[in-house]
Amino acid sequence: MGMTNGNNKMVSEIPIKILLVDDNDNNLLSMEVALEKEGYVFFKAASGREALRILLKEDDFSLILLDVKMPIMDGYETAELIYERDKLKDIPIIFITAHEYEEAAMFKGYQAGAVDYVRKPFTPEILRLKVAVFAELFKKNRLLKQQEEKLQIINNDLMLLNLDLEQRVLERTIELENLNHQLRSLNLSKDKFLSVLSHDLRNPFTALLIASDKLNDDPESLNPAQIKQLSNIIHRTSNKLLNQLNDVIEWAKKQSKKANFNPEKIRLDIGIEESLELLKPNATQKGIKLQNKTPKDIFVKADSLMLRSIVQNLVTNAIKYTPKGGSVTINAQLDERMVCVFVEDSGIGMTHELQQKLFTEGNSPPSVSGTNNEIGSGLGLLLVNDFVAQHGGTIDVESTVGKGTTFKFTVPAIKMA
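This one's a predicted model, so the numbers in the text were calculated from it and none came from an experiment.

### Topic: the overall build of the protein
Now for step 1: Of the regular secondary structure elements, the protein holds eleven helices and 13 strands.
Now for step 2: For the protein, buried positions account for 40% of its 417 residues.
Now for step 3: The contacts in the protein between residues at least 6 apart in sequence include a share of 70% that link residues at least 24 apart.

This is the structure:
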């Protein structure tokens, strides 16, 4: 029968759509006239089947006014079919009946899904009041649903904001952890730099002091040959010391630029001999035999500054912990892709517990006084461990108390055709 609009008015915010179902056109008109001033939107059906067809296209009705007594399909059957669809289950139905309100009829109506009854002939005021209650209920429910939807949107936004905040906190935490890691690395680099100064430069200064002390204390008792020997030591050591100081400065610059690893082809015996040059006076003063037995046909790919620092640190420690008259020997062995370098001394050795602490990054290894009460920073082996690791090598130690110690480290080999 189509759709009409009471007084051509639409409820702007939430329209109230009412389906009127009755097989009598006069009854349909009476209900529409009674309710039209309220501004409702009406759909009219002359049978249960027609009502179902309308509900297949329109399912957002606020209320259904349904006549009970209709041919073919009565109001109860129509209500049952309407409520079989999930989308229609929440639409309230008011039955319009000409019968008396008998308990059995009322029970059957409520069982079919009715929310109320209106008796024909109905009083317009009563009909308007009953419809107004459900119209207001519909508005409240719709408003509540809209508020729930808004609340859900707000909750979703809050969840997104919370996730964003958590992500920012996580990123900030990672950033702080990275900064802490950088600070630890910088602090370790500082310790390593101090270790280079301590191990690589202090011993040559000791040789200079010993030679200059002899010249200064009683030069008249020295013959020309002795003076020449001491002056040669001072001259040679000073030049080597200056060169090595320059190397250390360059190494420090490379550390700050994160470009401190520059491997190149090195003949190992020559590289070790250059590393030992500054340590020979110290070994001689202590009466220790310093021997380089590295084979001449072994070549390695190594950073020259790092290799020299590795060898000098290990040999300096060997001299430090070897009594007068002992020996320190450097040898090497080619093993497939790596070369193993041995620094062996006949010194005082060390306990198993001390060996376990030598390469511990978290705590600097303990500094033990040498056989002539030499002191050290205790950081040299951390530097050695780091430099060896940068070459992709490993370092190990074997020691027996009272018999001596052998340090072994590996660097990449270059096989000659």
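### Some points on helix H9 (residues 304-320)
Now for step 1: Taking 1.5 Å of rise per residue, 17 residues should cover 24 Å, and H9 covers 24 Å from first to last C-alpha, within 8% of that figure.
Now for step 2: Along H9, 16 of the 17 residues are buried, which leaves the element largely enclosed by surrounding structure.
Now for step 3: By the N-cap criterion, in which a side-chain oxygen at the helix start approaches the backbone nitrogen of a residue two or three places on, H9 is capped by Asp 303, the distance to Leu 305 being 3.0 Å.

### Quick word on the pattern of salt bridges
Now for step 1: A full pass over the atoms with the stated rule returns 15 salt bridges.
Now for step 2: Measuring nitrogen to oxygen at the nearest pair gives 3.2 Å for the salt bridge that ties Asp 67 to Lys 120. Placement of Asp 67 in strand E4 (residues 63-67) and of Lys 120 in the loop between strand E6 (114-119) and helix H5 (124-217) is noted, with a sequence separation of 53 residues between them. Assigned by exposure class, Asp 67 and Lys 120 land together as buried.
Now for step 3: As a salt-bridge pair, Asp 164 and Arg 168 come within 3.2 Å of each other at their nearest N and O atoms. Separated by four residues within a single helix, Asp 164 and Arg 168 lie in helix H5, roughly one turn from each other.
Now for step 4: Each of Lys 17, Glu 58 and Asp 60 takes part in salt bridges that share partners, so that together they form one network.

### Points about a negative patch on the surface
Now for step 1: A grouping of Asp 213, Asp 217, Asp 218 and Glu 220 is seen on the molecular surface, where their side chains present a negatively charged patch.
Now for step 2: Tracing the sequence through the fold places Asp 213 in helix H5.
Now for step 3: For Asp 213, a relative accessible area of 39% gives the class partly exposed.

### Description of the environment of Lys 87
Now for step 1: Along the polypeptide, Lys 87 turns up in the loop between helix H3 (75-82) and strand E5 (93-97).
Now for step 2: Judged by its relative accessible area of 60%, Lys 87 falls in the exposed class.
Now for step 3: Residues Lys 87 and Asp 60, 27 residues apart in the sequence, show an inter-C-alpha distance of 8.4 Å.

### Some words on the pairing of strand E10 (residues 327-335)
Now for step 1: Summarising the sheet, strand E8 (residues 289-292) and E10 pair through four bridges and their orientation is parallel. Note that in E10 the partner of Gln 291 across the bridge is Thr 329.
Now for step 2: Direction of pairing for E10 relative to strand E11 (residues 338-345): antiparallel, over a ladder of eight bridges. Bridge pairing in E11 links Ala 332 to Val 341.

### As for the packing of aromatic side chains
Now for step 1: A complete count under the given rule lists four aromatic pairs for this structure.
Now for step 2: Between the aromatic rings of Tyr 40 and Phe 42, the centroid separation amounts to 6.4 Å while the plane-to-plane angle is 85°, which identifies the pairing as edge-to-face. Like Phe 42, Tyr 40 is buried.
Now for step 3: Among the aromatic residues, ring-to-ring pairing joins Tyr 76, Phe 95 and Tyr 117 into one connected group.
Now for step 4: The ring of Phe 61 is capped by Lys 17, whose NZ or CZ atom sits 5.0 Å from the centre of that ring.
Now for step 5: Positioned over the ring face of Phe 299 is Lys 265, at 5.0 Å from the centre of the ring.

Parameters at a glance
- Residues numbered from 1 in each chain as written.
- Predicted model: local features only at pLDDT ≥ 70, side-chain atom pairs only at ≥ 80, totals over all residues.
- Heavy atoms only, no water.
- Helix = DSSP H or I, 4+ residues; strand = E, 2+ residues; numbered from the N terminus.
- Buried < 20%, exposed > 50% of the residue type's maximum accessible area, 1.4 Å probe, protein only.
- Contact = heavy atoms within 4.5 Å.
- Expected span 1.5 Å × (residues − 1).
- Polar contact = N/O pair within 3.5 Å; in protein donor to acceptor, adjacent residues only side chain to side chain.
- Salt bridge = Lys/Arg side-chain N within 4 Å of Asp/Glu carboxyl O.
- Patch = residues over 30% accessible without salt bridge, like charges linked within 9 Å, V, L, I, M, F, W, Y side chains within 5 Å.
- Areas by Shrake-Rupley, 256 points an atom, 1.4 Å probe, with all protein chains shown as cover.
- Lys, Arg positive; Asp, Glu negative; His and termini not counted.
- Charge placed at Lys NZ, Arg CZ, Asp CG, Glu CD.
- Pairing = 2+ DSSP bridges.
- Phe/Tyr/Trp six-rings, centres within 6.5 Å; stacked < 30°, edge-to-face > 60°.
- Lys NZ or Arg CZ within 6 Å of the ring centre and 35° of its normal.

By themselves these figures say nothing about function.
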